[in-house]
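Observations on the three-dimensional arrangement
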Amino acid sequence: MKIAILVVSIVIASLAFAQNTNTQMGARGAGLAYATATIDDEWGMFNNAGALGIMERAGVVSAYEVRPSLEGSNRLAATFFTPIPVGSLGLGFFRFGDALYNEHLISAAYGHTLGITSLGLRVTYHQHAAEGYEMQRTKSVHIERITQKSK
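Below is a summary of the structure that appears in this document. (Residues numbered from 1 in each chain as written. Predicted model: local features only at pLDDT ≥ 70, side-chain atom pairs only at ≥ 80, totals over all residues. Heavy atoms only, no water.)

What follows covers the nonpolar core. Core analysis: the largest hydrophobic core is formed by 14 residues, its most contacted members being W43, F46, A77 and F94. Listing elements by their share of this core, those giving two or more residues are helix 3 (44-47), strand 2 (75-84), strand 3 (87-97) and strand 4 (101-114). Setting aside anything within four residues of it in sequence, one finds A77 in contact with M25, W43, F46, V61, S62, A63, F93 and F94. (Core = buried A, V, L, I, M, F, W, Y, C linked by side-chain atoms within 4.5 Å. Buried < 20%, exposed > 50% of the residue type's maximum accessible area, 1.4 Å probe, protein only. Helix = DSSP H or I, 4+ residues; strand = E, 2+ residues; numbered from the N terminus. Contact = heavy atoms within 4.5 Å.)

Encoded structure:
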């Protein structure tokens, strides 16, 4: 059975020709080389949707990252999140690139805490555009979790 799962995984991976830019944002994450899977901060919308369930107040954050040595690789992101009676909701926008090649993402997420674990569900609409090629659009669903620190 394990060999069958391995073979199916390899076949699926070889057929999937997908990639996109790193959507992780925030100064704290950048300082940690974007090792953000366990960080429960306001950038959870893009870094780990499970962090939304831990948020205790509403907020809006935005960032613009400029890379002067690599023209056309600037990144822009904004996110809004708010607690609701059962969990938290978030909405985010991300843009990468310039006129030659760019990516746009619009994400909606929900996070909820169960004990010491917070679970998150994020739905993302992706749009990729490259000069001379047809614009590509797709959707993705992410299920993520984060374990809270003991108090």
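The next subject is the sheet that holds strand 1 (residues 59-65). With antiparallel pairing, the six strands of this open sheet are ordered in space as 1-2-3-4-5-6. In this open sheet, the two edge strands, each paired with only one partner strand, are strand 1 and strand 6 (136-147). Strand after strand, the sheet turns through a mean of 15 degrees between neighbouring axes, direction not considered. Both strand 2 and strand 3 contribute to a ladder of ten bridges, which runs antiparallel. In the sheet register, T79 faces strand 3, and the bridge partner there is G92. (Pairing = 2+ DSSP bridges. Axes fitted to C-alpha atoms, helices over the stretch in contact; angles between N-to-C directions.)

This brings us to the pattern of salt bridges. All chains considered together, the criterion is met by three salt bridges. Of the charged contacts, one joins E65 and R67 as a salt bridge, the two residues approaching to 2.7 Å between their closest N and O atoms. Residue R67 is classed as partly exposed on the basis of its relative accessible area, which comes to 33%. In this structure, R75 engages E65 in a salt bridge whose closest nitrogen and oxygen atoms are separated by 3.2 Å. Taken as a pair, R75 in strand 2 and E65 in strand 1 lie far apart in primary sequence, ten residues in all. Overall, R75 belongs to the buried group, its relative accessible area being 1%. Here the salt bridges do not stand alone but share partners, grouping E65, R67 and R75 into one network. (Salt bridge = Lys/Arg side-chain N within 4 Å of Asp/Glu carboxyl O.)

Applying the stated criterion to the full structure yields three aromatic pairs. Ring plane angle 70 degrees and centroid distance 6.4 Å describe the contact between F96 and Y101, whose orientation is recorded as edge-to-face. Residue F96 is classed as buried on the basis of its relative accessible area, which comes to 13%. On the accessibility criterion, Y101 (32% relative accessible area) is partly exposed. The rings of W43, F46 and F94 are connected pair by pair, giving a single aromatic cluster. (Phe/Tyr/Trp six-rings, centres within 6.5 Å; stacked < 30°, edge-to-face > 60°.)

Before going further, it helps to spend a moment on the pairing of strand 6. Alignment of strand 5 (residues 117-130) against strand 6, held across twelve bridges, turns out to be antiparallel. Bridging across to strand 6, T117 finds its partner in T147. In this antiparallel pair of consecutive strands, strand 5 and strand 6, the connection spans five residues, and G132 shows a positive phi of 90 degrees.

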